[in-house]
Amino acid sequence: MRSKQISHRRTVRWMRNVLLLIATMAAISPDTLHAQHRSRVSLECLQLGNQEVELTALVRARIGRSYVPMAGLKVDYFVARDSIEEVRIGSAETDERGFASIRYMMDGTSLTYAFRASFAGNDTISDDDATTSVVPAVLTIEQAEDDSLNHQFNVLIQGWTADGYVPVEDVPVEVFVRRMLSDLKVFTGTTDADGRLLAQVPGDLPGDANETLDIVARVTEHDTYGSLSASILKTPRTQPIHHDRPERALWTDAAPLWMLITFFVLMGTVWGHYLYILLQLVGIKSDTRKLQQQSVNE
Amino acid sequence: MRIAESSIALLREFAPQLERTSLAARIWIAFLVLLILFGGVGLYFQVKYGHAVTGMRDHVVWGIYIANFIFFIGISYAGAVISGILHLLKVEWRKPFIRLAELITVIATIVGPVFILLCVGRLDRLHHLIIYPRLQSPITWDVLAISTYLVGSILLLYLALIRDFAIYRDTDVLKVAKWKRKLYRILALGYQDLPRQRLRIKTSIDLLAVMIIPLAIVVHSVLSWIFGMTLRPGWHSTIFGPYFVMAAIYSGTGVLIIAMWIFRRIYNLQEYITEKHFTYVGYMLLALAAGYGYFTFSEYLTSWYGSEHWESQVLDKLFSFSEYGAAFLFANVAGIILPIIVVAVRRLRKPGYLALVSAIMVLALWVKRYLIIVPTLESPLIPMQETRPEYVDYAITWVEWSLTLGGLATFLLLFTLASKFVTVVPVSEILKKP
Amino acid sequence: MEQHPASSTYLDRRNFMRMGIITAAAATCGSALCGCGSKQGKVEVLTQDGEVVTVDAGHLRHVHKTVGVSREEARKGIPGRKFVMVIDLARCRNARNCITACQKMHHLPEDKEWITVKLMKDSEKGAPYWFPKTCFHCDNPPCVKVCPVNATFKRNDGLVLIDNERCIGCKFCMAACPYSTRVFNWDEPEQPEEIQAMAHSPEQSLPSRVGTVEKCDFCPDMVRLGKLPDCVTACPNGVFYFGDENEDVVTNGEDTVRLSALLRDGGAYRFQEELGTEPRVYYLPPRDRLFPVERGMESLTEEQKAAIDITLE
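Residues numbered from 1 in each chain as written. Chains lettered and ligands numbered in written order. Predicted model: local features only at pLDDT ≥ 70, side-chain atom pairs only at ≥ 80, totals over all residues. Heavy atoms only, no water.

J.: I tried to follow the interface of chain C and chain B on my own but got confused; where do I start?
T.: How big an interface is tends to be stated in terms of accessible area lost as the parts join. Opposite the 49 residues of chain C that make contact, chain B presents 41 residues. For the pair chain C and chain B, the summed buried surface comes to about 3,700 Å²; carbon and sulfur atoms form 61% of the total. The three residues of chain C that bury the most area against chain B are Ile168(C), Phe172(C) and Trp186(C), which together make up 21% of that side's buried surface. Viewed at the interface, chain B and chain C are joined by one salt bridge. When the shortest N-O distance is used, the salt bridge between Arg388(B) and Asp111(C) registers 3.7 Å. Our count for the chain C to chain B interface comes out at 26 residue pairs in polar contact (both at pLDDT 80 or more). Across the side of chain C that touches chain B, the residue classes tally to 28 nonpolar, nine polar and twelve charged. (Contact = heavy atoms within 4.5 Å. Buried area = accessible area lost by both parts, 1.4 Å probe. Salt bridge = Lys/Arg side-chain N within 4 Å of Asp/Glu carboxyl O. Polar contact = N/O pair within 3.5 Å; in protein donor to acceptor, adjacent residues only side chain to side chain. Nonpolar A, V, L, I, M, F, W, Y, C, P; charged D, E, K, R; others polar.)

J.: Whenever I open this one, helix α1 (residues 5-19) of chain B confuses me. Can you help?
T.: Spacing of three or four residues puts side chains on the same side of an α-helix, whose turn is 3.6 residues. All names here are of chain B. The end-to-end C-alpha distance of α1, which contains 15 residues, comes to 20 Å, matching closely the 21 Å that a straight helix rising 1.5 Å per residue would cover. At Glu13, α1 shows its largest bend, some 45°, and a proline, Pro16, comes one to four positions later. Buried residues of α1: Ser6, Ser7, Ile8, Leu10, Leu11, Phe14, Ala15, Gln17 and Leu18, and no others. Of the surrounding secondary structure, the elements contacted by the buried residues of α1 are α7 (138-170), α8 (178-187), α10 (240-266) and α16 (398-421). (Helix = DSSP H or I, 4+ residues; strand = E, 2+ residues; numbered from the N terminus. Expected span 1.5 Å × (residues − 1). Bend = angle between axes of the 7 residues up to and from the residue. Buried < 20%, exposed > 50% of the residue type's maximum accessible area, 1.4 Å probe, protein only.)

J.: Help me understand helix α14 (residues 351-377) of chain B in this model?
T.: The end-to-end C-alpha distance of α14(B), which contains 27 residues, comes to 39 Å, matching closely the 39 Å that a straight helix rising 1.5 Å per residue would cover. The buried fraction of α14(B) amounts to 21 of the 27 residues, a majority that puts the element mostly inside the structure.

J.: How do you make sense of unusual backbone geometry when you look at a structure like this?
T.: With glycine set apart, most residues show a phi of negative sign, and most peptide bonds adopt trans. In this structure, Pro207(C) follows Leu206(C) across a cis peptide bond, with omega equal to -15°. Structurally, the position occupied by Pro207(C) is in the loop between α6 (193-196) and β10 (213-214). Positive phi, close to 45°, is recorded for Glu221(A), a residue that is not glycine. Checked against the element boundaries, Glu221(A) lands in strand β15 (residues 213-222). In the Ramachandran plot, Asp193(B) falls in the positive-phi region, its phi being about 60° despite a non-glycine side chain. Along the chain, the position of Asp193(B) falls in the loop between α8 and α9 (195-228).

By themselves, these are just geometric observations and shouldn't be taken as functional.
Quick look at the structure:
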């Protein structure tokens, strides 16, 4: 059903392109040549647990030889549950990096969800859409007993079936520690027959600015489940020693004390003497005045 | 106030200079004003179009302005140290030319800092030096030291002038304009040559003479530390302080000899500034040349012997005749060896030769200052690989020349004007021979 | 700010490298806006391959869209951070994308380089190599020491920045920096009017002002948003690693690695350690290089080639 819709859309687009080509060949307006840039939409589905998913679309347009992320474009999202007819679930506008995302609650009964993100196109950028299909699944991460070198965590993956959630074997999982600018991958592994995995995080890793380790387990674009993610906070064993900024150094705002003392002593001495000399100059004047007064009195 | 016979006689000789300005002097002053105006044009261009009109660029961030600055502050040593030392040692023969020396000090200390201001990109923000001061910066040290030094040398000059002003005020030999006489009266502070007043002046001068020497040393050391405190070859040297101090006293003495010679001729002071004076100052020049030469030798020998890579980059430039070789040779031959020879050979030890060699030496020392600044800045640690030729080699532009000439003209003009206002020989101190 | 929405970091991580280049291209386009005429919301932009195309102005990524912080805040730095850079000399082929990206980011004219790439040769028999150089943001900064007005300062997060509203232009910092990092605005800077009209922030190093000093700032405005400096993302070979020393992690946009391991295993050094300036930039020596050094000559003009005084042997 949905694929039919898409193929219909494709036909329309193809026909329009042919028309455009003819129009161009007829040289009606050379400007139309550059009027539209081909767009490319990609879509990723991340399952957050609790039946919630986050759909993130990236919209880029071809400029020159490369695809450039486009900001401020409206993306519509659709879902088709268990091959039931597609419904629109919302829309979002792309940010400056070209991303647009919405959240969606799964109903907890359907077995598969086919998502579609669509950009309708405008005067300058052509339309495009992207699809992805997932089966509900849950990724959990829990504290396990640490060993002498590592923090350890139990990771469990369960997928939705007609019998409810069951552990899933052989899913590649990556474990990251969140850092300021990007995440540090510390562990990769695959779930066992019980859907479990013991993940290790180096114990000597310092915490972040909040003095915590924010640990994230991820499954990336699994064929069946899409992307999964779960995180846990942990107190780090080590924390960087913050060497306090010296209060007074050559490069700080405030000067070293010896410098201040030297300055005041030197300047005080010299200007003190200047003051004394100035007083002498005043004295010269008053000496004469006294002399004159004396002579007047006499 | 009772005025000594000798002072009146002396004043009679100076009276024409103080009373009116001759045609030659007028032309001279007009010429200087013209040069200053030329400097003004340069300044206008520099303020309007930014420092791009100078030869300075990102590598050579300082050029002849800084060389001029060091040069003038160096000259200012003439008064400070020479008058200070000679006063303390109670050297009698200092008296005829001590005022000249002190005038040089004050005027050069006023003109010198102008050149550092010309290096400043935002003159409109100069007050930031006061509202956001940082004591760690050698520039702050410089501002403090130079202003203190200027006040000290003005005081020293003025203290010695008070008695002269009193004489100018009370004498009937001098027929000067009313405003001048009024000014003399104010500046004389009612001085009546009372024993008490005499004592006040004596203590003050004694104090200042003691203070001005360390002050001058501090000023020039601090100046050298602008360079010495950086991590640059040819600058980052522990002897830079004393080296600059020595060079300063040396060039100051040279300028003093030139001034003595000029004023001796213009004002016919052969009677007061005698050949003997030239001989004595010549001996000082010889000693200073030797000291300065020793420092120079020590500085270059050390870095050449160590042959550290970055250091050698600068030395290679100085020793290579395709770059600064000729200038380096001139700076050292004309700046050290020539004066020594002239003073050492009795037949050459004459006022004329001494003044001539001093002039050459002073020029050589200016070149030397240039050689301290520019080759170092042209030798960065990281290769330039620069496509813009004006960024690679420093070339002095007409704006910089105009302001340099303007500064020199200001120095000469202030000197000329000062000599129209006060006698260049202290009339109160000299006892005219019968 | 510390916590990114899960989704964007997620996609970001995977696409970072490709994205980086593309955004750099976008940045190139973005600033071309100013050069070309704009009419009715449509703008002509210059693409990477030199083609001029017309696109909707609103759809282009803004080049320098960052949060403004107060001047006081900009003097303190980002709390709890200690920024560090590692430059892998083995990966550099003098592509010079870092230079152009930096120039776009900071609206610098073509001849003003805050980041430079020099051909270096340490000894006579040693092999030449390309040497990218940012500001080293030294922990014992000679430039900050000599500033008479506190216009250049060192922040708690390690960055050395310049307040060009305070700078008096004495150039002492330029003479004091042994690495020729600083540049001076010798005349009125060539910047678009809207940039010149901006209020100055030491974090953005914008706008440039005549008669003042400026230099590489490690893009603290970008970093505050959790984004990498533009030179890092622009580099096609991942030469620059940037990160927070306190977190012991650096990233070049593609790989995220532990700083301590990178420094240890890579045999990292700091340039001219003996000068005692304690740079915050480390270099990984140019061994097992990805490219022959000759490759770097390709991106140079004849003039630039002529200016290089080192022979490729």
